[in-house]
Structure formats: C-alpha cells, structure tokens
Amino acid sequence: MMLNAAAKLQERRQRQKQQQSKLNLVSLMDIFTILVFFLLVNSTSDVQVLQTDKTIKLPKSTSQQKPEVTTVVRVNNQQLFVGDRMIVGINNIDAGKENIEPLLKELEYRAERAGELSDEQKQRGRSVTIMGDEQVPYELLKQIMQTCAQADYRDISFAVEQTAPIDPAGVES
C-alpha cells in the first residue's frame, strides 16, 4: 500500500529523531580531560604561594608586583617564627627595647650561613618577607622591622593576600 506524502514525511521525521538521540561521550570526556590539564598547568605559573598559617590573616592588596623568594618572618598574636622555626612567644617580647634579641640572633645566624653578598645586595641589604596577622599591633611590627634592619635584612617586604584591583568607579575589574 502506497503512503501519501504526509505519512512519508512523518515517518522520516521519526527515524531522524531516533538517530539524533545518540550522544558520543568519549570524545567529550577527552576534551574535558585536556582542558583540565591545560588549566592546571597554566593557572599556577604566575602565583607564588607562601606557606600559609591558619593563625595569620593577611591584609588585602591589589598590587600586581610578584614577590621574591626570601627569608620569611611570621608573626601572629601568640608567636614569632622565622621560616618554620618558632623563635619567641609574643608575651616574652620586651616592648621597651628596640630589638627582639632571639629574632636578631636567628637572623644573624641565617645571614652567616647564607654567605657573602654581592655589591648590589650589600647596598640594599638582605631580603626578608614579614607575614604578619592584620591584627598585630604596629609597635610590634616596627620592633620586628628594626630587628631585621639591625641584622642587615634591610630589603623588607610584607606578605599580603592579593585581591582584584578596584577601579575608581568602585566596580571590580
């Protein structure tokens, strides 16, 4: 029996719907796998990550300048560290003195082990990064900076948490 034109058209549409419902997931998974590896490789190349300390909440900054790898002095509300070594408790620091004696000894020891400086480094001093909690009093930070300068660590940087820059209109870019 011969089908009319409308019946043939409807039968053809039914076959096309059945054929179109197949989805090849293998090639889609390959694309996403490649995309994940690409993002992993390219996402961490511009950022230097310092060892985090859950007791230190860093101040925020919009600076785009990348930090150098240096000696890290960490301070929170209870302790003072150089690298991973605990130097002194905050309660044991004499606020009346200009320098923190245990910190000065540790920095001088590290400077002695690091060896001689080049002429350019002698002018700037050794590099140090201070990672201080945003609640640490300024007087304590000033005392730490004075101690670092006394030990010839005069190229001082502060660790901050990088945020997106804010344009003058007040909208983040």
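What this report covers is the structure whose coordinates are included nearby. (Residues numbered from 1 in each chain as written. Predicted model: local features only at pLDDT ≥ 70, side-chain atom pairs only at ≥ 80, totals over all residues. Heavy atoms only, no water.)

**As for the nonpolar core**
Point 1. Val73, Val75, Leu80, Ile100, Leu103, Leu140 and Ile144 are the most contacted members of the largest nonpolar core, which totals 22 residues.
Point 2. Of all the secondary structure elements, the ones that give two or more residues to this core are β2 (71-75), β3 (79-82), β4 (85-89), α3 (101-114), β5 (127-132) and α5 (138-150).
Point 3. Here Leu80 is in contact with Val73, Arg74, Val75, Arg85, Met86, Ile87, Val88, Ile90, Ile100, Leu103 and Ile144, once residues within four sequence places are set aside. (Core = buried A, V, L, I, M, F, W, Y, C linked by side-chain atoms within 4.5 Å. Buried < 20%, exposed > 50% of the residue type's maximum accessible area, 1.4 Å probe, protein only. Helix = DSSP H or I, 4+ residues; strand = E, 2+ residues; numbered from the N terminus. Contact = heavy atoms within 4.5 Å.)

**Comments concerning the pairing of β5**
Point 1. Extensive coverage of β5 is indicated by the burial of six of its six residues.
Point 2. Both β2 and β5 contribute to a ladder of five bridges, which runs parallel. Among the inter-strand pairings, Val73 is bridged to a residue of β5, identified as Ile130.
Point 3. With four bridges connecting them, β5 and strand β6 (residues 155-158) associate as parallel partners. The partner of Thr129 across the bridge, within β6, is Ser157.
Point 4. In this region the chain leaves β5, passes through α5 and returns to the parallel neighbour β6; the handedness of that crossover is right-handed. (Pairing = 2+ DSSP bridges. Right-handed = clockwise from strand over helix to strand, strands pointing away.)

**Here's the deal with the packing of α3 against α5**
Point 1. Packing of α3 against α5 leaves a shortest axis separation of 9 Å and a crossing angle of 35°. Pair α3 / α5 crosses with right-handed handedness. In this structure, α3 contributes Leu103, Leu104 and Leu107 to the contact, and α5 contributes Ile144, Thr147, Cys148 and Gln150. (Axes fitted to C-alpha atoms, helices over the stretch in contact; angles between N-to-C directions. Left-handed = near helix turned anticlockwise from the far one by under 90°.)

**Brief notes about the layout of surface pockets**
Point 1. Volume-wise, the second largest pocket comes out at about 210 Å³.
Point 2. Lining the second largest pocket, in full, are Ile90, Ile93, Ala95, Lys97, Glu98, Pro137, Glu139, Leu140, Lys142, Gln143 and Gln146.
Point 3. Of the residues that constitute the lining of the second largest pocket, the class distribution is five nonpolar, two polar and four charged. (1 Å grid on protein atoms, 1.4 Å probe; cavity = no way out; pocket = protein on both sides within 12 Å on 5 of 7 lines; lining within 4 Å. Points joined across faces, edges and corners; volume = space filled by probe spheres on them. Nonpolar A, V, L, I, M, F, W, Y, C, P; charged D, E, K, R; others polar.)

**Here we look at α5**
Point 1. With 13 residues, α5 should cover 18 Å at 1.5 Å per step; its first-to-last C-alpha distance of 18 Å lies within 8% of that length.
Point 2. Those residues of α5 lying buried are Leu140, Leu141, Gln143, Ile144, Thr147 and Cys148. In an axial view of α5, the angular spread of the buried residues amounts to 160°, which keeps them on one side of the axis. Turned more than 90 degrees away from the buried face of α5 sit Tyr138, Glu139 and Lys142, all of them exposed.
Point 3. Looking at the packing, one finds that the buried side of α5 touches β2, β3, α3, β5 and β6.
Point 4. Just downstream of α5, Asp152 is the residue with a positive phi angle, here 70°. (Expected span 1.5 Å × (residues − 1). Arc of directions from axis to C-beta.)

**Some words on α3**
One full turn of an α-helix is made of 3.6 residues, so residues set three or four places apart face in the same direction.
Point 1. Compared with the 20 Å implied by 1.5 Å per residue over 14 residues, the 20 Å span of α3 between its first and last C-alpha is a close match.
Point 2. Looking only at α3, the buried set comprises Leu103, Leu104, Glu106, Leu107 and Ala111. Viewed along the axis of α3, the buried residues span an arc of 165°, placing them on a single side of the element. Away from its buried face, by an angle of more than 90 degrees, α3 presents the exposed residues Lys105, Glu112 and Arg113.
Point 3. Among the structural elements, β2, β3, β4 and α5 are those in contact with the buried residues of α3.
Point 4. Two residues or fewer after α3 comes Gly115, characterised by a positive phi angle close to 95°.

**Regarding the pattern of salt bridges**
For side chains bearing opposite charge, pairing can occur when the charged atoms are close.
Point 1. Applying the stated criterion across every chain, the model contains three salt bridges.
Point 2. The partner of Glu106 in a salt bridge is Arg85, with the nearest N and O atoms 2.4 Å apart. Of this pair, Glu106 sits in helix α3 while Arg85 sits in strand β4; the two residues are 21 residues apart in sequence, bridging distant segments of the chain.
Point 3. Exposure remark for Arg85: the relative accessible area of 47% places this residue in the partly exposed category.
Point 4. A salt bridge links Arg110 to Glu106, with the shortest nitrogen-to-oxygen separation between them at 2.9 Å. Of this pair, Arg110 and Glu106 both sit in helix α3, four residues apart, which is roughly one turn of that helix.
Point 5. Beyond isolated ion pairs, a larger network of salt bridges with shared partners links Arg85, Glu106 and Arg110. (Salt bridge = Lys/Arg side-chain N within 4 Å of Asp/Glu carboxyl O.)

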